[in-house]
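Take a look at the letters that make up each chain.
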Amino acid sequence: MEFVSPEGLRLDGRRPMEMRQIRGEVGAVSKADGSAIFEMGNTKVIAAVYGPREVQNRGQQMSDQALVRCEYSMANFSTGDRMRKPKGDRRSIEISLVIRQTMEACIMTHLMPRSQIDIFVQVLQADGGTRSACINAATLALADAGIPMRDLVTSCSAGYLNSTPLLDLNYIEDSAGGPDVTVGILSKLDKVTLLQMDAKLPMDIFENVMQLAVEGCKAIANYIREVLLENTKQLEHRRGI
Amino acid sequence: MLQSKSFVRKTKQGKVLKVVREHYLRDDIYCGASICKVCDTKVARLSSSASTILVLDTNVVLNQIDLLENPAIDDVVVLSVVLDEVKNKNLSVYNRLRALCSNTLRKFFVFSNEHHKDTYVKAMVGESPNDRNDRAIRVATNWYQRHLGGGTRVLLITNDKENKRKATDEGIFAETVETYVKSLGQPNLLDLVVHPTSEDVGMEDVEDLRPSKRKVIYIEHKPMSEITAGLHRGIYHQGKLRVNRYNPFEAYVGSESIGDEIIIQGRGNMNRAFDGDVVAVELLPKEQWHEGKSLSIADDEDEEEEDVHLVPNSADDAPRNRDTIQDSSSTVNPVSCRPSGRVVGIIKRNWQSYCGSLEPMPMPAGNGGIAHALFVSKDRRIPKIRIQTRQLGNLLDKRIIVTVDSWDCLSRYPSGHYVRTIGEIGDRDTETKVVLIENDINSRPFSTQVLACLPPLPWSVSTEDLMNPNRQDLRQLRVFSVDPPGCRDIDDALHCTALPDGNFEVGVHIADVTNFVHSGTPLDDEASQRGTSVYLVERRIDMLPKPLTEDICSLRSDVERLAFSVIWVMTPEAEIISTRYTKSVIKSSAVMSYVEAQARMDDSRLMDPLTTDLRNLNTLAKIMRQRRIDRGALTLASAEVKFQIDTETHDPLDIGMYQIREANQMIEEFMLAANVSVAEKILKHFSMCSLLRRHPSPTKEMLEPLLRTAAAIGLDLDVSSSKALADSLDRAVGDDPYFNKLIRILATRCMPQAVYFCSGDLTPPEFHHYGLASPLYTHFTSPIRRYADVIVHRLLAAALGIYKLPTIFQDRPQLTSIADNLNYRHRNAQMASWASVELHTLIFFRKRPTDTEARIVKIRANGFIVFVPKYGIEGPVYLTPKGEKGGDWVVDEEHQKVKKMDGSISYSVLQMVQIHMEVVEPQPNRPKLQLTLM
């Protein structure tokens, strides 16, 4: 199948190096300590953060750092066919783990010993790249909750189809069966916290694809920073400073 | 700007899904006109001098692609909406249009109107997708006109009346194809225009003079919805229609749903389906399954003729005789009688262009110079095609190409249009071109991009190559090659050194083509498309450009050449102790022909080192060969012939069987061994993506003709395994010295073809090569002339860690499609060489009526098929003149005998007869070889 036309356009009209439209919004769930909605094209994710708070299960409490927990789920209506998605299936456990580990790498857990931070992410609408969108939403929500972080973690995927590296795959491109590289970085520190790929790719091509994904992450980081800045300005305004 | 497309789709399980997709609109899509001042003109394709720019409607592209390929049509804008529609409707037209768009000599520009912010149209409520697309085309045309201003006229070409009317209302210039082509003032272009089916009345008188005009000849095809429903319920069966190569009134549909082939008899039951169409078939009631052959011929007036042809080399090419199959099934196994059916609908058409000539006809008077003629394809599987032409006188004695446009149920023949002329009928060059076109062989010279990939000439081994740690210097070895006389593309060489411990070091050195043909280059793409070199009688069509084929890669004597070597250490009993693979530099010390090599080995006075090497190799080869035969490898015989060609006129001077010597077998043995060793190595490293070659075991049905013949002459053949077959073939020795070979030739044609495949697609037991009795096999030894070998070279190099594995190997579907293409090209190349031999046989006998001896290989109702060993051809001999029924001859099917009523004369299978061969011309310009009994 032709994913990039000879004119250099992808199926949805983007060029290979272009991302989908992104949108982030802070404070979607007022009950939570921090929350955010993040959209990448038709992929829409909501994240809520509770904490730092007392550890619910005493046995898990750690005396030198905070406990980070993450729960990922997909809304029943997130895909075209409305199916009851069982909780705790393999895929969500794996993604929960991925998100938890990525976020743990940037939260300064040692500042909050004997406490717990809960991150809940739910996919409202899925169109490829849910993993990345969840991480971005979680970052935004953590920032909203005021949890100390080393840097903003952002994530973006890239793939390789029709011998072309493609940024930010949507569902059709994702299900083409080509490699899908998901990268998460700490944009200011320039450190990689997440790198996943479940296909084979020669080293030199892989480097190009990963570089592309990293560029995508940086662009998202800039955008998230803008959103946060705007949010802070509004808070300032509300407080009348 | 973001738009979202949402539509509803039904899944395979029958669920209804709503699909929402993003659709981005852009402002950086350019118009492609080089005169445009606003747009980026870097990618502009439309010429600056164009006063008219054409925008095509989908129906124009779909129907008039032949016209578009004519260079007279240029400065065309192809809208992406049109491309998408064409892609969905007809993939082959789409590919041709894409080729036009990427051809730098043509001025076709693709405008992505669907993603342009000004030309995107959203479907209105209640608007059908078709209307929406038509509107999109009009909007885009309008945008072009406004964008380019008054200086250029933007013309919408459409054959859709409604679309044209709306366009004119909106102030767009619009014309139909006919009026536009007429306005160009080139009358010959008009022949290329496909006419809508409204003009059938005029053609009736050509086709049918009987009073029952406008009779419905074929049953109306069922609508698609009914077909789908029928397939679902199991009433209809879907499959690809394959027309019998030797009897165009019989076809087979391989159906998965009933797991057997359905026979379709007669044009009526085929119901306008062409060879290769995907059709829906309905089974006939069981009592009609045994309909006689006479019926199928009687309802068509065409006389069925059997031509003289070359001896087929595998079961796929051999004519299938329905009578024998049916008879045997009724006597031996009444359950297995085969289902017959009729076509109720065509799911996918496989219409292509066909090569052939017009049926001779008188020049019609008047009618404005337009004549209706019947086109007869060279491919017998294709029915006659009606065309209309303005240049009848010109075309009558020409080979032309014609495309099919439509076939409605009122007309006996499909209607089509003329595409182009190839040349005079009977002219050798023309006929050779026809052979090439028919077999889809690209004989065009290599493009400049391809030639740019070649290393500069004169080329020689550089010090870099010698310094390369991966490349071993084997120049000190006494390497030599043995090939057919006059061979210029030498891709293999051998060496054999006696080691002090009594063992031998034997090396097979193969030209290192992949050192020059790198993956992903235009050169590589071209080679992968061509797949193989094609050997015709008088010329060779190379897979790689000549400098590579004949110089840089060719392992000529006394020059240093790069090679890829497989080196074994063997015991004197030809047991392989160790195998190693390496890239190397060699210097061949001798290039010999098979005859020379044989002469050296046979001459006992010669004791020089080279001859000793040859003898050692020959001893080893004999042991290896014996071992292979003991394992069950088949020794099959083919009836290959060799022409002697006049160097100036290129006419054949003499013709004879190709003789196989010990030297041939020696070389073959080592090549087989190298291929097997390489297959083992690459499969060990790349179990999922190796390219291997397998030869499936013949099915019972394929062996049926052989067994029948054998039974008729009282020979007992055991076909339970290749070993058993090989043994019983060895035992089949009659009092007649040629008998054994004849049986082997008959066995050969019962074998299926060997095919390339990707190891990930099949399970290891299926890798088996039946003919060679080897669990693994691949092609490694001829990279100059076969692309499969190039791939295997890359795999082997990657297995040795010399190169990285090219990315394509990660993509299994792509590798599979390459393997499929190789099989297709390989087969076509074979067909082309046969056709070329057939053509030259005809030319040879044109001036030389000959008497010769022949063998009866099959008995027919009115004669028998004979095989002429000396010339490797096969053809019918009629006992009774054609048209007359049976006469006083009686056929005994079981004993394969034909007897005269009074019992005075009888002929039986494998009997020797004297025949007379002569070229006759029953119709002008249609020469054919006729065999008559003396």
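Everything numeric in this text was worked out from a predicted model, so none of it was measured.

About the criteria used
- Residues numbered from 1 in each chain as written.
- Chains lettered and ligands numbered in written order.
- Predicted model: local features only at pLDDT ≥ 70, side-chain atom pairs only at ≥ 80, totals over all residues.
- Heavy atoms only, no water.
- Phe/Tyr/Trp six-rings, centres within 6.5 Å; stacked < 30°, edge-to-face > 60°.
- Helix = DSSP H or I, 4+ residues; strand = E, 2+ residues; numbered from the N terminus.
- Buried < 20%, exposed > 50% of the residue type's maximum accessible area, 1.4 Å probe, protein only.
- Lys NZ or Arg CZ within 6 Å of the ring centre and 35° of its normal.
- Contact = heavy atoms within 4.5 Å.
- Buried area = accessible area lost by both parts, 1.4 Å probe.
- Salt bridge = Lys/Arg side-chain N within 4 Å of Asp/Glu carboxyl O.
- Axes fitted to C-alpha atoms, helices over the stretch in contact; angles between N-to-C directions.
- Nonpolar A, V, L, I, M, F, W, Y, C, P; charged D, E, K, R; others polar.
- Pairing = 2+ DSSP bridges.
- pLDDT = per-residue confidence, 0-100.

### What about the packing of aromatic side chains?
Residue and element names in this part refer to chain B.
Piece 1. Under the counting rule described, the total for this entry stands at 12 aromatic pairs over all chains.
Piece 2. Pairing Trp 459 with Phe 516 gives two aromatic rings, centres 5.2 Å apart and planes at 80 degrees, and the pair type is edge-to-face. Of this pair, Trp 459 sits in the loop between α16 (448–452) and α17 (463–467) while Phe 516 sits in the loop between β22 (504–511) and α18 (522–530); the two residues are 57 residues apart in sequence, bridging distant segments of the chain. Taken individually, Trp 459 and Phe 516 each receive the classification buried, so the pair is uniform in this respect.
Piece 3. Between Phe 844 and Phe 845, the ring centres sit 5.1 Å apart and the planes meet at 80 degrees, which makes this aromatic pair edge-to-face.
Piece 4. Judged by relative accessible area, Phe 845 falls into the buried class, the value being 0%.
Piece 5. Taken together, the ring pairs connect Tyr 218, Phe 274, Trp 351, Tyr 354 and Trp 407 into an aromatic cluster.
Piece 6. Between the NZ or CZ atom of Arg 153 and the centre of the ring of Phe 173, over which it lies, the distance is 5.7 Å.

### Regarding the interface of chain B and chain A
Piece 1. At the interface, 20 residues of chain B touch 24 residues of chain A.
Piece 2. Approximately 1,800 Å² of surface area, both sides summed, lies buried where chain B meets chain A, with 48% of it carried by carbon and sulfur atoms.
Piece 3. The three residues of chain B that bury the most area against chain A are Glu 22, Tyr 24 and Arg 26 of chain B, which together make up 32% of that side's buried surface.
Piece 4. Inspection of the region where chain B meets chain A yields 5 salt bridges.
Piece 5. Across the pair Arg 26 of chain B and Glu 18 of chain A runs a salt bridge, and its minimum N-O distance is 2.6 Å.
Piece 6. If one sorts the elements of the side of chain B that touches chain A by residue count, strand β2 (residues 16–24) of chain B sits on top with 7 residues.

### Topic: the packing of helix α3 (residues 80–89) of chain B against helix α5 (residues 129–148) of chain B
Two measures define how a pair of helices packs: the angle their axes make with one another and the distance between the axes.
All names here are of chain B.
Piece 1. Contact geometry for α3 and α5: axes closest at 9 Å, N-to-C directions at 145 degrees. The residues of α5 that touch α3, namely those facing Val 81, Val 82 and Glu 85, are Asn 130, Arg 132, Asn 133, Ala 136 and Ile 137.
Piece 2. Considered class by class, the residues forming the contact of α3 with α5 number 4 nonpolar, 2 polar and 2 charged.

### Some points on the pairing of strand β11 (residues 278–283) of chain B
Residues and elements named next belong to chain B.
Piece 1. Pairing between strand β8 (residues 236–243) and β11: 5 bridges, direction antiparallel. Bridge pairing in β11 places Tyr 236 opposite Glu 282.
Piece 2. One ladder, built from 6 bridges, connects β11 with strand β13 (residues 340–348); its direction is antiparallel. In the strand pairing of β13, Val 281 is matched with Val 343.

### A short note on the confidence of the model for chain B
Piece 1. Of all residues in chain B, 86% attain a pLDDT of 70 or more, and the chain-wide mean is 80.
Piece 2. Residue range residues 198–213 of chain B is modelled with pLDDT below 50. Its contacts to residues more than four positions away, or to other chains, number 17 contacts.

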